[in-house]
Amino acid sequence: MLQRCLDMLAPALEAPGAVVVDCTLGLGGHSEALLDRFPESRLIALDRDKEALRLSGERLAPFGDRAELVHAVYDELPDVLDRLGLTSVQGVLFDLGVSSMQLDEADRGFAYAQDAPLDMRMDQTTGIGAAEVLNTYAPGELVRILRAYGEEKQAKRIVSAVVRERDKEPFTNSARLVELIRDSLPQAAKRTGGNPAKRTFQALRIEVNGELTVLERAIPAAVKALAVGGRIAVLSYHSLEDRLVKQVFAAGAANTAPPGLPVVPERYQPRLKLLTRGAELPTEEEVAENRRAAPARLRGAQRIREDAE
Ligand SMILES: C[S@@+](CC[C@H](N)C(=O)[O-])C[C@H]1O[C@@H](n2cnc3c(N)ncnc32)[C@H](O)[C@@H]1O
């Protein structure tokens, strides 16, 4: 869906000196495409993962000072722009979730298919890993996380097994958790939805990285950072992320006047125009090319007015 993101941002990025922020640099594929397609633009790219910054630093080196890479969590965007002396930008891109590099590096613990330390931190320099979550959280809290972030219907059953086992010996590695989940589910639940550990792993990853809490602050901050005419595109990979993006965009595109006003004063008028009707989905060809794109949802919006004073 990269091409559609570029097309969506294009009207805002063609002018000389336009600034675009890639909030999820990863391996730099989208950033590189932005720099190639908009040769007069400048890129600021954030990632909380130092390894991602190192690898994409090499990839983007040929663009010299057109690309500025910053180690930051994306809700720090206002501070990053402040430090760079920028008051607004013309484009923002989010490609949420984990990168293929993070999934493929077995020792990061994101993948349930390989045995690895249960870590899952995108920024390994801070915070607690997935093992500590599993070993220390109250059972009720674990059930809430598995249900809310993993949409796991068998959350209670899995958490009872986890609590029983962690009392014998704390969890350190993924294989023991995967086996426990498989053993604790009824046959019928194992027949649907792929690997039975998938939902629990997603839930732990979201909790470990505070993904939704951060996103909840980051999307409004990114909208606020847009200059009038600026555009934002967000690629989400599960319904909770997509719902959050949808709500922020819908609120920005709404007229907030109290009912019954004969003329709507400027300050109540929408700040955003939606660029997508609902969310755009990947095509069959895109999914055939890259299975990880299957759950992707793209939403975009354009800033059409300053904030009310
Ligand atoms: C799906 S990948 C992006 C892939 C990228 N578009 C590319 O072309 O390679 C998501 C990246 O965002 C980073 N990330 C996720 N949440 C973040 C956050 N809250 N702040 C900063 N970076 C984050 C991850 O570390 C990961 O490298």
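**So, the site of the ligand**
- Residues in contact with the ligand amount to 22 residues; listed here are only the nearest, His30, Asp47, Tyr74, Asp95 and Gln102.
- The separation between an oxygen atom of the ligand and a polar main-chain atom of Gly28 is 3.4 Å.
- Separating an oxygen atom of the ligand from a side-chain N or O atom of Asp47 is a distance of 2.7 Å.
- When grouped by side-chain class, the residues that make up the shell around the ligand number ten nonpolar, eight polar and four charged.

**Some details on the domain arrangement of the chain**
- You can read the domains of the chain as domain 1 (2-95 + 211-303) and domain 2 (102-209).
- Taken residue by residue, the interface counts twelve residues in domain 1 and 15 residues in domain 2.
- Taken together, both faces of the contact between domain 1 and domain 2 bury some 1,200 Å²; the carbon and sulfur share is 45%.
- The tally of links between domain 1 and domain 2 comes to three salt bridges.
- Glu211 serves as the salt-bridge partner of Arg205, at 2.9 Å between the closest nitrogen and oxygen.
- Of all the secondary-structure elements, those providing two or more residues to the side of domain 1 that touches domain 2 are α3 (50-60), α12 (211-225) and α13 (239-252).
- No other element matches α12, which puts three residues into the side of domain 1 that touches domain 2.

**Quick word on the packing of aromatic side chains**
- Enumeration over the complete set of coordinates arrives at two aromatic pairs.
- Look at Tyr74 and Phe94: their rings are 5.1 Å apart centre to centre, the planes differ by 80°, and that puts the pair in the edge-to-face class. Taken together, the positions of Tyr74 in the loop between β3 (67-71) and α4 (77-83) and Phe94 in strand β4 (residues 89-95) put the pair 20 residues apart, joining distant regions of the chain.
- Among the residues examined, Tyr74 registers a relative accessible area of 16% and is labelled buried.
- Considering the side-chain rings of Tyr112 and Phe201, the 5.7 Å spacing of their centres and the 80° angle between planes classify their relative orientation as edge-to-face. Note that Tyr112 is positioned in the loop between α5 (100-104) and α6 (130-136) and Phe201 in helix α11 (residues 198-208), a separation of 89 residues in sequence.
- Here the guanidinium or amino end of Arg176 rests over the ring plane of Phe171, the centre of that ring lying 4.3 Å away.

**Some points on the sheet that holds β4**
- Pairing is mixed in the open sheet, where seven strands are placed in the order β3-β2-β1-β4-β5-β7-β6. Bordering the open sheet on either side are β3 and β6 (272-274), each of which pairs with just one other strand. Averaged over all adjacent pairs, the angle separating strand axes in this sheet is 15°, with direction ignored.
- Relative to β4, strand β1 (residues 19-22) is paired through three bridges, and the arrangement is parallel.

Calculation criteria
Residues numbered from 1 in each chain as written. Predicted model: local features only at pLDDT ≥ 70, side-chain atom pairs only at ≥ 80, totals over all residues. Heavy atoms only, no water. Near = heavy atom within 4 Å. Polar contact = N/O pair within 3.5 Å; in protein donor to acceptor, adjacent residues only side chain to side chain. Nonpolar A, V, L, I, M, F, W, Y, C, P; charged D, E, K, R; others polar. Domains from an automatic or database assignment. Contact = heavy atoms within 4.5 Å. Buried area = accessible area lost by both parts, 1.4 Å probe. Salt bridge = Lys/Arg side-chain N within 4 Å of Asp/Glu carboxyl O. Helix = DSSP H or I, 4+ residues; strand = E, 2+ residues; numbered from the N terminus. Phe/Tyr/Trp six-rings, centres within 6.5 Å; stacked < 30°, edge-to-face > 60°. Buried < 20%, exposed > 50% of the residue type's maximum accessible area, 1.4 Å probe, protein only. Lys NZ or Arg CZ within 6 Å of the ring centre and 35° of its normal. Pairing = 2+ DSSP bridges. Axes fitted to C-alpha atoms, helices over the stretch in contact; angles between N-to-C directions.

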